[in-house]
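# What the coordinates show
Letter by letter, the chains look like this.
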Amino acid sequence: MRQLLWEGKKNPIPAGFLLGLLVVLLFLNWAVAEKEISRLRAGNTEEYYRGQDRAYATVEGTITTANMEWVVSEKNRLDTLILGGDFSTEEDPEHTYTGYAYSDYHLFQKLYADAEYAYNYGAFSADVVEKAQDNLELYRQKGSEILEAYYGQMAQSFRNRWIPAFYRTDGWDSYFSYSFSNLLIMLFLIVTMAPLFSQERENGMTVRLRMTPTGVWWSRIYKILMACLSAFGVTVLFSVQDYLIFANAYGFRGLSNPVYSVQAFRTTGLHISLGGYVVCNFIMKMVGIWGFLMGLLLLSATLPNSILSFGSGCGALLASILLQTFCPILSCLPLMNSITLCSEFHMTATRMPLYAEHLLTQISIAFLLVLILFLTDRRRNRRAVPGGV
């Protein structure tokens, strides 16, 4: 632990500057997230959203026939009122949820659609299983092992699915899709990690380290561990901030409900709760961040000075964006926005879920980059000191 703290203190960038930069980036993330939420909610008034909270609270919880019948009756009542044209356009807070009859009409159209989705999801998943079984038999007869395995896995994945409770799920898909904080984390790592190795060569520290009891290798190991822990802490800060911002705006509930209770995950292959997916989403993001970090450390260990390391770090960020477009499996970015990997059922040619294939690929790339880092650093040290081993 002492050695990790020592490696952290050796960072040439002043701690005050790093703390100030982190505060600025957190504030920027808050401002952008709030602006995104305001854009998504701009179509309705605050009175509408307060009315929505009251209406949903009436039926939230375990799905019952009585609750569903109430939703249907209110929807039918408002359909008759609005479509018949016999309604007041004046504000009426005593007899409406939102203050206006027409707003109530739109509110219950949405409430009905959400309740219908939750109530009928079991029938939907059973239909998927039936069709998957039909396709399984079809491709078994045709001798296509890949498609037979695909539909067999689909049938298994959708079997016995149902949504036990009904909760408003607004905002979950927006939260899982929000990715600006990922960019800020990567920029922070570029600034803080670019000089980690290159600075030692610039000030001659590498030669001195060879004469210490632990030597260069242990210093490198502690430096990598310190970088990983720093990246973990920063990612936790931004992830917690993201969750609190969106939870405050949307009032997240139903964490124990299955993840497919959110309509964006209707055809997901995952069998976990919403709360479980929040944790899994963080883990996948963390793996992606560490993969990017290993690339930064390799650049720092390879390039002769910190300026080149910083510029190459920015280039690595651009390369990750390009790879996401042309070869996603090699980019760390899909894991940082895992809804693109997990919202639908996917089984790859390796017969693994798409997210699992990305995880294994990025973990392998990270280990490969660390191996190259050590080999490159060892070779450079041998050249730096005549007769070095």
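Cut-off values and rules
Residues numbered from 1 in each chain as written. Predicted model: local features only at pLDDT ≥ 70, side-chain atom pairs only at ≥ 80, totals over all residues. Heavy atoms only, no water. Helix = DSSP H or I, 4+ residues; strand = E, 2+ residues; numbered from the N terminus. Buried < 20%, exposed > 50% of the residue type's maximum accessible area, 1.4 Å probe, protein only. Contact = heavy atoms within 4.5 Å. Areas by Shrake-Rupley, 256 points an atom, 1.4 Å probe, with all protein chains shown as cover. Phe/Tyr/Trp six-rings, centres within 6.5 Å; stacked < 30°, edge-to-face > 60°. Lys NZ or Arg CZ within 6 Å of the ring centre and 35° of its normal. pLDDT = per-residue confidence, 0-100. Axes fitted to C-alpha atoms, helices over the stretch in contact; angles between N-to-C directions. Parallel < 35°, antiparallel > 145°, perpendicular 65-115°, else oblique. Left-handed = near helix turned anticlockwise from the far one by under 90°. Nonpolar A, V, L, I, M, F, W, Y, C, P; charged D, E, K, R; others polar. Salt bridge = Lys/Arg side-chain N within 4 Å of Asp/Glu carboxyl O. Patch = residues over 30% accessible without salt bridge, like charges linked within 9 Å, V, L, I, M, F, W, Y side chains within 5 Å. Core = buried A, V, L, I, M, F, W, Y, C linked by side-chain atoms within 4.5 Å. Expected span 1.5 Å × (residues − 1). Arc of directions from axis to C-beta.

## Overview of the overall build of the chain
Secondary structure assignment for the chain yields 16 helices and 2 strands. Every one of the 389 residues in the chain was classed for burial, and the buried ones make up 44%. When contacts within the chain are restricted to residue pairs at least 6 apart in sequence, those whose partners lie at least 24 apart make up 77%. Carbon and sulfur atoms make up 62% of the accessible area of the chain, which totals about 19800 Å².

## Quick look at the packing of aromatic side chains
On inspection of all chains with the given rule, the structure shows 29 aromatic pairs. Note on Y178 and F246: the rings are 5.5 Å apart at their centroids and 55 degrees apart in plane angle, and the pair reads as tilted. Highlighted residues: Y178 in the loop between α7 (172-177) and α8 (180-193) and F246 in helix α11 (residues 215-250), separated in sequence by 68 residues. Summarising the burial analysis for this pair, Y178 and F246 share the class buried. Over the ring of Y112 we find K75; its NZ or CZ atom is 4.9 Å from the centre of that ring. One Lys or Arg, R161, reaches over the ring of F158 and ends 4.2 Å from the middle of that ring.

## Thoughts on the confidence of the model for the chain
Put simply, the chain has an average pLDDT of 87, and 89% of its residues get 70 or more. Across the chain, element-level confidence peaks in strand β2 (residues 165-166) with a mean pLDDT of 95 and bottoms out in helix α10 (residues 205-209) with 50. This stretch, residues 385-389, has a pLDDT under 50; its non-local contacts, to residues over four places away or in other chains, come to 6 contacts.

## Here we look at the packing of helix α5 (residues 101-142) against helix α6 (residues 145-158)
The N-to-C vectors of α5 and α6 enclose an angle of 160 degrees; their axes lie 8 Å apart at closest approach. The orientation of α5 with respect to α6, classified from their angle, is roughly antiparallel. Note on packing geometry: the crossing formed by α5 with α6 is left-handed. Residues Y121, F124, S125, V128, V129, A132, Q133, N135, L136, Y139 and R140 of α5 form the contact with α6, whose own contacting residues are L147, E148, Y151, G152, M154, A155 and F158. Considering only residue class, the contact of α5 with α6 consists of 12 nonpolar, 4 polar and 2 charged.

## What to know about the side chain of S157
Structurally, S157 can be placed in helix α6. When sequence neighbours within four positions are dropped, the list of residues in contact with S157 reads T268, G269, H271 and F345.

## What about the pattern of salt bridges?
Applying the stated criterion across every chain, the model contains 11 salt bridges. The residue R50 makes a salt bridge to E47 at a minimum N-O spacing of 3.4 Å. Note that R50 and E47 are positioned in helix α3 (residues 46-59) at a spacing of 3 residues, about one turn of the helix. The partly exposed category is assigned to E47, whose relative accessible area is 41%. The salt bridge partner of D79 is K75, with a shortest N-O separation of 2.8 Å.

## A look at a nonpolar patch on the surface
On the surface, L368, L371, I372 and L375 cluster together into a nonpolar patch covering about 360 Å² of accessible area. Here L371 lies in helix α16 (residues 354-384). For L371, a relative accessible area of 48% gives the class partly exposed.

## Digging into the nonpolar core
Counting 39 residues, the largest nonpolar core has I224, F292, M294 and L297 as its most contacted members. Those elements that provide at least two residues to this core are α2 (15-40), α8, α9 (195-202), α11, α12 (274-302), α13 (306-326), α14 (333-336) and α16. Considering every element that reaches this core, the biggest residue donor is α12, with 9 residues. For M294, the residues in contact, after removing those within four places along its chain, are I224, C228, A366, L369 and V370. One finds Y117, I163, F345 and M347 within the second-largest nonpolar core, a separate group that totals 32 residues.

## Structural notes on α5
End to end, α5 covers 58 Å across 42 residues, agreeing with the expected 62 Å (1.5 Å per residue, within 8%). Among the residues trailing α5, G143 stands out with phi positive, at a value near 80 degrees.

## A short note on the packing of helix α4 (residues 65-83) against α5
Remark: α4 packs on α5, axes separated minimally by 9 Å, with the N-to-C direction vectors making an angle of 145 degrees. Relative to α5, α4 is oriented so that their crossing is left-handed. Side by side, α4 and α5 meet where M68, W70, V71, V72, E74, K75, L78, D79, L81, I82 and L83 of the first sit next to A101, Y102, D104, Y105, F108, Q109, L111, Y112, A115 and Y119 of the second. Here the residues of the contact of α4 with α5 are counted per class, giving 16 nonpolar, 1 polar and 4 charged.

## Comments concerning α6
With 14 residues, α6 should reach 20 Å at 1.5 Å per residue; the first-to-last C-alpha distance of 20 Å fits that figure. Within α6 the residues assigned to the buried category are Y151, M154, A155, S157 and F158. The buried side chains of α6 occupy one side of the element, clustering within an arc of 165 degrees when seen end-on. Across from the buried face of α6, at angles greater than 90 degrees, the exposed residues are E145 and I146. Of the surrounding secondary structure, the elements contacted by the buried residues of α6 are α5. Once α6 ends, the next one or two residues include N160, with phi positive near 60 degrees.

## Structural notes on the environment of C280
If you trace the backbone, C280 turns up in helix α12. It is 9.0 Å that separates the C-alpha atoms of C280 and S338, two residues lying 58 residues apart in sequence.

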